[in-house]
Amino acid sequence: MLKYFLILSLLLSIVACDTSMSLKEKQEYLKKGKQITQATFKELSGNLIQQMKLGGPPQAVPFCNLQALPITNQMSEKFNVTIKRTSDKLRNSKNSPTKREVAIIKQYQILFENKKELSPIVEIDSHNKKHYYAPIKLNAKCLACHGELRKQLSIKTDSLIKSLYPNDMAINYKNGDFRGIWSIDFKN
C-alpha cells in the first residue's frame, strides 16, 4: 500500500510540474490580466459613452462597428498581448471564439446558471503560452444595444444593428447576464 501511494504521489508531482504554473506566477498573470481588461474596458466604454452622449445608439452602433476592434488592437499593442472579446452569441463574426474559448464560455455559462462565482482563469498551453480569461457581464448601460428586443431596443436601433450586423445574436440580454469573455494571450 505504501509503495502504491509513493508511486501515485510521484506521478502526480511530475504531471503537476509539467502542466502548471507556480502560484506566484499564476497570481502575477491574474493581476496583469485584470489590469489589461480594466484598461481596455475603460478605453472602449469611455469612447462608447462619448458616442452615446453625442447621438445615442444611432451614433454609438456605427462607431462600435468601425472602431471597437481597432481600439482593442491598440490596447493589445500597448500591453504586448493579444486581447479579444468573444461570445457564443456574436455580434461581429471577427470576434469568433476558438475551440478553447468555446469551452471556457461553456464553463462560465454553467457556473452562471448555477449562480456560482465567475472568476478569471489563467492557464498555460502545451506551447508554454499563458492565457487569461475573464467573464463579461452586462450592466444596465449595455441594454440599449444588447437588451431584450421589444423592451430596451428602439426600432431604429434594432434596424441599424441588423443592417451593420446581419447575423447578430448579441441581443435579448438582461442586466447582469453573462455576455461572453475577455481572452488575453500573453506574448512573453
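This text goes with the structure placed above it.
Structural notes, computed from the coordinates.

Cut-offs used in this document
- All residue numbers refer to position in the chain's written sequence, counted from 1.
- For a predicted model such as this one, the threshold for reporting local features is a pLDDT of at least 70, and the threshold for listing and counting side-chain atom pairs is 80 or more; totals across whole chains, interfaces and linings nevertheless cover every residue.
- Hydrogens are left out, water is left out, and the side-chain values use all remaining heavy atoms of the structure.
- The numbering of helices and of strands both runs from the N terminus, where a helix is a DSSP run of H or I of at least 4 residues and a strand a run of E of at least 2.
- Remark: exposure states derive from per-residue accessible area (1.4 Å probe, protein chains only) relative to the maximum for the residue type, with buried under 20%, exposed over 50%, and partly exposed in between.
- Residues are treated as being in contact if the distance between any of their heavy atoms lies within 4.5 Å.
- Working definition of accessibility: Shrake-Rupley area with a 1.4 Å probe, residue cover restricted to the visible protein chains.
- Bend at a residue means the angle formed by two fitted axes: the first through the 7 residues ending at that position, the second through the 7 residues beginning there.
- Note on aromatic pairs: the rings of Phe, Tyr and Trp (six-membered ring only in Trp) are paired at centre separations within 6.5 Å, and the planes decide the class, stacked below 30 degrees, edge-to-face beyond 60, tilted for the rest.
- Only Lys NZ and Arg CZ are tested; either one counts as a charge over a ring when it is within 6 Å of the ring centre and within 35 degrees of the ring normal.
- Here, any two strands with at least 2 DSSP bridges between them count as paired.
- Comment: axis = line fitted to C-alpha atoms, over the contacting stretch for helices; angle = value between 0 and 180 degrees taken between N-to-C directions.

## Quick notes on the overall build of the protein
A tally of regular secondary structure across the protein gives six helices and four strands. Overall, the protein shows an N-to-C arrangement of helices and strands of α-α-α-β-α-β-β-α-α-β. The buried share among the 188 residues of the protein stands at 37%. When contacts within the protein are restricted to residue pairs at least 6 apart in sequence, those whose partners lie at least 24 apart make up 69%. Of the accessible surface of the protein, which amounts to about 12,200 Å², a share of 57% is contributed by carbon and sulfur atoms.

## Observations regarding helix α3 (residues 57-79)
Approximately 45° is the largest bend angle found in α3, and it occurs at Q67, with the proline P70 only one to four residues beyond. Those residues of α3 that sit buried are P57, A60, V61, F63, A68, I71, T72, M75 and S76. Positive phi shows up at N80, right after α3, with a value of about 55°.

## Examining the packing of aromatic side chains
Given two aromatic rings, their pairing is described by the distance between the two centres and the angle made by the two planes. All told, the structure shown has two aromatic pairs when counted by the stated rule. Relative to F186, the ring of Y29 lies with its centre 4.7 Å away and its plane at 75°, an arrangement referred to as edge-to-face. One end of the pair, Y29, is in helix α2 (residues 23-55); the other, F186, is in strand β4 (residues 178-186), with 157 residues separating them in the sequence. The residues Y29 and F186 share a single accessibility class, namely buried. Look at Y108 and F178: their rings are 5.9 Å apart centre to centre, the planes differ by 45°, and that puts the pair in the tilted class. Separated by 70 residues along the polypeptide, Y108 in helix α4 (residues 99-113) and F178 in strand β4 bring together distant segments of the chain. For the pair Y108 and F178, a shared accessibility class is recorded, and that class is buried. A cation over an aromatic ring shows up here: K32 above the ring of Y29, its NZ or CZ 4.8 Å from the ring centre.

## Quick notes on the pairing of strand β2 (residues 121-124)
Relative to strand β3 (residues 130-137), β2 runs antiparallel, the two sharing four bridges. For E123, the partnering residue across the bridge sits in β3 and is H131. Connecting the antiparallel pair β2 and β3 is a turn made up of five residues, with N128 showing a positive phi of about 65°.

## Comments concerning the sheet that holds β2
Spatially, β1-β4-β3-β2 is the arrangement adopted by the four strands of the open sheet, whose pairing is antiparallel. Each edge of the open sheet carries a strand with a single partner, namely β1 (81-86) and β2. With direction set aside, neighbouring strand axes in the sheet form an average angle of 20°. Two strands pair when backbone bridges link them, and β1 and β4 are joined in this way by six bridges, in the antiparallel orientation. Among the inter-strand pairings, V81 is bridged to a residue of β4, identified as F186. Packing against the sheet, α2 makes contact with β1, β2, β3 and β4, and its axis sits at approximately 120° to β4. α4 rests against β1, β2, β3 and β4 of the sheet, and its axis sits at about 140° to β4.

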